[in-house]
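Observations on the three-dimensional arrangement
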Amino acid sequence: MIGTDISHASNLLQKGKVVAIPTETVYGLAANAFSSDAVLKIFSIKKRPLFNPLIVHTDSIEKINQFVEEIPKPLKNILHHFWPGPITVLLKKKIQIPDLVTGGSSYVAVRIPKHEMTLSLLKSLPFPIAAPSANLFGRISPTSALHVSAQLRNRIEYILDGGLCEIGIESTIIFLNETSKVEVLRTGGVSIEALTSMLGYEPMYKKTSQSIIAPGMLKSHYAPKIPLYIGEIKTMIENNIGMKICVISFSEIFAHPQIIKQIILSKNKDLHEAAKKLFGAMHEAEDSNADIILSEIFPNVGLGIAINDRLKRASIK
Ligand code: TXA
Ligand code: MG
């Protein structure tokens, strides 16, 4: 069922059940993060491999301090600055967080999401919630209650409907490396530029530090049901003669008899708008009658970096 009843969602979670919740990034599939039994249900509903760890969500830094060893000093400022918001940080966990949540790692991923309904839900709970994106494993992330319902309708009892996600792309995941510098594990809703201006240096984000192995940073992800290719649209059309095509573009309109659908993410070339619409466009494209999806590569700045990352993982090389 889809609804807006926060106390119903709260009761279900307190009974150890799984509920889909809205956040500013994408919808999450939530359960009591202190309970292995509850968290196990998330993995089975999502058909997610157990080695792929989950982000833990709560509504205050005080609560975070109850289940992590400490928030290292060099992280304090940026977390205060970006929370509530689309940034997730890896912190050394305390015993309350089951190994199942972290894929066996001693670090837990934590974030305070920026969504009014979910913040009041979190306030009502005596535990934080573990929540991956509310899609089946490897499929397109949901940015509306209907997206969640399309994939998980028969597998969960309740979807808390908080409208369309404001950011539309998952959180940026950061950690502190062995030289006390911030590194980016996954690009997302907080841009590299925004991080850089807060930190005073550009965080590394292309290579993963050896100190924290990131389980589950899988290459193939976010996949639509039909093949998606990224690149120069005109060239890709020439390489796909006879195919019915759905085009996803930033702002340009393309005309070709094979194009049966076109989704423009932002007429005004606004990367925030494009990020917000990206997953919705993928859902729409896979539900069209097209044989393949062709998408442009976006400008590699600001949220464009995270958009390109998601497109790359969704695409066929
Ligand atoms: O915006 C978001 O981050 C959304 C909303 C629901 O909060 N959540 C989300 O969760 O994107 P998910 O599970 O789809 O992606 C989380 C990623 C995992 O793929 C994993 O690689 C990484 O976060 N992760 C989680 N816990 C980790 C840990 N302890 N160590 C390293 N990586 C971790
Ligand atoms: Mg996901």
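Preceding block: the structure.
Residues numbered from 1 in each chain as written. Chains lettered and ligands numbered in written order. Predicted model: local features only at pLDDT ≥ 70, side-chain atom pairs only at ≥ 80, totals over all residues. Heavy atoms only, no water.

**Describing the packing of helix α1 (residues 6-14) against helix α6 (residues 116-123)**
Put simply, the rule is: For helices, the axis comes from a line fit to the C-alpha atoms of the stretch in contact; other axes are also lines fit to C-alpha atoms, and the angle between any two N-to-C directions lies between 0 and 180 degrees. Starting at the N terminus, helices and strands are each numbered in turn, a helix being any DSSP run of H or I of at least four residues and a strand any DSSP run of E of at least two. Throughout, the term roughly parallel applies to angles under 35 degrees, roughly antiparallel to angles over 145, roughly perpendicular to angles from 65 to 115, and oblique to all others. Here a crossing is taken to be left-handed if its near helix is turned anticlockwise relative to the far helix by less than a right angle, and right-handed if that turn runs clockwise. Whether two residues are in contact is decided by their heavy atoms, any of which lying within 4.5 Å being enough. When residues are sorted by character, Ala, Val, Leu, Ile, Met, Phe, Trp, Tyr, Cys and Pro go into the nonpolar class, Asp, Glu, Lys and Arg into the charged class, and all the rest, Gly among them, into the polar class.
With their axes 10 Å apart at the nearest point, α1 and α6 run at an angle of 45° to one another. By the angle class used here, α1 and α6 are oblique. Note on packing geometry: the crossing formed by α1 with α6 is right-handed. In contact with I6, A9, S10 and L13 of α1, α6 contributes M117, S120 and L121. When its residues are assigned to classes, the contact of α1 with α6 shows 5 nonpolar, 2 polar and no charged.

**Structural notes on the site of ligand 1**
Worth spelling out the cut-off: The criterion for a residue being near a molecule or strand is simple. One of its heavy atoms has to lie within 4 Å of it. Pairs of N or O atoms within 3.5 Å make up the polar contacts considered here, provided that, within protein, one atom can donate a hydrogen while the other can accept it, and that residues adjacent in sequence are counted only when both atoms are side-chain atoms. The accessible surface values rely on the Shrake-Rupley method and a 1.4 Å probe; as for residues, cover is taken only from the protein chains in view.
The full set close to ligand 1 counts 25 residues, and T25, H57, Y107, S171 and R186 are the nearest of them. R111 places a polar side-chain atom, nitrogen or oxygen, 3.0 Å from an oxygen atom of ligand 1. Within the side chain of S133, a nitrogen or oxygen atom sits 2.9 Å from an oxygen atom of ligand 1. In the complex, the protein chains occlude 98% of the 670 Å² of accessible area that ligand 1 would expose alone.

**Thoughts on the packing of helix α10 (residues 271-286) against helix α11 (residues 304-314)**
Taken N-terminus to C-terminus, the directions of α10 and α11 make an angle of 20°; their axes are 9 Å apart at the nearest point. The angle between the axes of α10 and α11 places the two elements in the roughly parallel class. Pair α10 / α11 crosses with left-handed handedness. Touching L271, A274, A275, L278, F279 and M282 of α10 are G304, I307, R310, L311 and A314, all from α11. Of the residues that constitute the contact of α10 with α11, the class distribution is 9 nonpolar, 1 polar and 1 charged.

**As for the pattern of salt bridges**
The criterion, for reference: Whenever Lys or Arg places a side-chain nitrogen within 4 Å of a carboxyl oxygen from Asp or Glu, that contact is recorded as a salt bridge. Exposure is judged per residue with a 1.4 Å probe applied to protein chains only, and the accessible area is read against the type maximum: over 50% gives exposed, under 20% gives buried, and values in between give partly exposed.
A full pass over the atoms with the stated rule returns 11 salt bridges. E170 is the partner of R310 in a salt bridge, and the nearest nitrogen-oxygen pair spans 2.9 Å. In this pair, R310 sits in helix α11 while E170 sits in the loop between β8 (158-160) and β9 (172-176), placing the two residues 140 residues apart along the sequence. Across the salt bridge formed by D309 and R313, the nearest N and O atoms sit 3.0 Å from each other. Taken together, the residues span about one helical turn, with D309 and R313 both in helix α11 at a distance of 4 residues. Judged by its relative accessible area of 19%, D309 falls in the buried class. Accessibility expressed as a relative area gives 16% for R313, which makes it buried. Counted as one network, the salt bridges with shared partners bring together E170, D309, R310 and R313.

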